[in-house]
Amino acid sequence: MPTAVVTGATAGIGAAFARQLAAEGFELVLVARRGERLSALAAELPVPVEVLVADLATTAGCDAVAARLTDPDRPVDLLVNNAGRSLNRSFLRSTPELEEELLRLNVHAVLRLTLAALPPMVERRRGEIINVSSVSGFAATMPGSTYPATKAWVTNFSESQAQLVREHGVRVMALCPGYTRTEFHEVAGIDMSHSPGWVWLDADTVVRAALRDLRRGRPVSVPGWINRVAVFGMRHAPRRLLHRVARDARGRIGHEER
């Protein structure tokens, strides 16, 4: 039975990955900060589940998950780097502590865990990694937010690693969802009530598209035709036009976090 590690597994896209992979027969290692919610999710799933409570914004948390990924007696077939966050505030009102925590979780943890997982996968000549990025990473969207910059890094990093390891039978893919119905915005204190319903996807749809694209060997997955149109525009529109129409996807700039 193959094994998958899913970070940020207690809700949203992470929980959807856990349920879908369990349905496909994967044993699971679920990672998040909230142990009670991890245990509750594990109890729902019809496969063996290992619960690993870790804060990936800390060195100790990354080390604990990296140790599991490199355990030679318990190889991992699929890593889903899903844990991440945003900040509901303009850069002008942010603090070094908040921005550094954002970078540790959205960037450093992805780097650290990918670096732990890839060498054993390359040695075995099989394995897969999905790094959850965002449509927002394709342009300077959300003025005053550093979140899109972190996701631009995730996408480019994942594409680069995909090119490096594909000849070894290993796949790496950046998953770039747009608006997805999860707890993500609520946890960040972001009011999305004015966003039209037609722009949203549910987490299960995102996960099904991600796994399909991974198995097709795509280095980047953008679920939903609306998101693909948006990415095309962000990639090809003149920068001046893009900057003129860009808006803060969290609502008005400067809202205080929580």
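Structure shown above.
Owing to the predicted nature of the structure, the values given are computational and were not obtained by experimental measurement. (Residues numbered from 1 in each chain as written. Predicted model: local features only at pLDDT ≥ 70, side-chain atom pairs only at ≥ 80, totals over all residues. Heavy atoms only, no water.)

Visitor: In this structure, what is going on with the packing of helix H3 (residues 59-69) against helix H4 (residues 96-124)? I would like to understand it.
Guide: When two helices pack together, their arrangement is captured by the angle between the axes and the distance separating the axes. At a minimum axis separation of 9 Å, H3 and H4 run at an interaxial angle of 15°. Between H3 and H4, the crossing angle belongs to the class labelled roughly parallel. Crossing geometry of H3 relative to H4 is assigned as right-handed. Across from Cys62, Asp63, Val65, Ala66 and Leu69 in H3, the residues of H4 making contact are His108, Ala109, Arg112, Leu113, Ala116, Ala117 and Pro120. Along the lines of polarity and charge, the residues of the contact of H3 with H4 split into nine nonpolar, one polar and two charged. (Axes fitted to C-alpha atoms, helices over the stretch in contact; angles between N-to-C directions. Helix = DSSP H or I, 4+ residues; strand = E, 2+ residues; numbered from the N terminus. Parallel < 35°, antiparallel > 145°, perpendicular 65-115°, else oblique. Left-handed = near helix turned anticlockwise from the far one by under 90°. Contact = heavy atoms within 4.5 Å. Nonpolar A, V, L, I, M, F, W, Y, C, P; charged D, E, K, R; others polar.)

Visitor: Explain the pattern of salt bridges to me, please; I cannot follow it from the model alone.
Guide: In total, this model carries 10 salt bridges according to the counting rule given. In this structure, glutamate 50 and arginine 74 form a salt bridge, with 3.3 Å as the shortest nitrogen-oxygen distance. Separated by 24 residues along the polypeptide, glutamate 50 in strand E3 (residues 49-53) and arginine 74 in the loop between H3 and strand E4 (78-81) bring together distant segments of the chain. Judged by its relative accessible area of 39%, arginine 74 falls in the partly exposed class. The salt bridge involving aspartate 213 is made with arginine 218; its shortest N-O contact spans 3.0 Å. According to the relative accessible area criterion, aspartate 213 is buried, its value standing at 5%. (Salt bridge = Lys/Arg side-chain N within 4 Å of Asp/Glu carboxyl O. Buried < 20%, exposed > 50% of the residue type's maximum accessible area, 1.4 Å probe, protein only.)

Visitor: Where do I start with the environment of glutamate 128 in this structure?
Guide: Examined against the element boundaries, glutamate 128 turns out to sit in strand E5 (residues 127-132). By relative accessible area, which is 16% here, glutamate 128 ends up buried. Put simply, glutamate 128 and alanine 117 are 11 residues apart on the chain and 9.1 Å apart in space, counted from C-alpha to C-alpha. When neighbours within four sequence positions are excluded, glutamate 128 is seen to be in contact with Asp77, Leu78, Leu79, Met121, Arg171 and Leu214.

Visitor: Even after reading the chapter, I still don't get the sheet that holds strand E2 (residues 27-32), so can you show me in this structure?
Guide: Note on sheets: strands pair through backbone hydrogen bonds, and any given pair is parallel or antiparallel. One open sheet holds the seven strands; their spatial order is E3-E2-E1-E4-E5-E6-E9, and the pairing between them is parallel. The open sheet has two free edges, formed respectively by E3 and strand E9 (220-221), since each of these has just one partner strand. Bridge count for E5 against strand E6 (residues 170-175) is six bridges, and the pairing is parallel. Looking at E6, one finds that isoleucine 129 is bridged to valine 172. (Pairing = 2+ DSSP bridges.)

Visitor: I would appreciate a short explanation of helix H1 (residues 12-23) in the present structure.
Guide: Note that an α-helix has 3.6 residues per turn; residues three or four places apart therefore point the same way. Its 12 residues give H1 an end-to-end C-alpha distance of 17 Å, which sits within 8% of 16 Å, the value for a rise of 1.5 Å per residue. Along H1, the positions that sit buried rather than exposed are Gly12, Ile13, Gly14, Ala15, Ala16, Phe17, Ala18, Leu21 and Ala22. Phi turns positive one or two residues past the end of H1, at glycine 25, with a value near 95°. (Expected span 1.5 Å × (residues − 1).)

Visitor: I'm lost on unusual backbone geometry in this one. Help?
Guide: One can expect most non-glycine residues to show negative phi and most peptide bonds to be in trans. Positive phi outside glycine occurs at arginine 125, with the angle close to 60°. Along the polypeptide, arginine 125 turns up in the loop between H4 and E5.

Visitor: Sorry, what's going on with a positive patch on the surface here?
Guide: A contiguous patch of positive charge, built from Arg208, Arg212, Arg216 and Arg228, is present on the exposed surface. Its place among the elements puts arginine 228 in helix H8 (residues 225-236). Classification of arginine 228 by relative accessible area gives partly exposed; the value is 46%. (Patch = residues over 30% accessible without salt bridge, like charges linked within 9 Å, V, L, I, M, F, W, Y side chains within 5 Å. Areas by Shrake-Rupley, 256 points an atom, 1.4 Å probe, with all protein chains shown as cover. Lys, Arg positive; Asp, Glu negative; His and termini not counted. Charge placed at Lys NZ, Arg CZ, Asp CG, Glu CD.)

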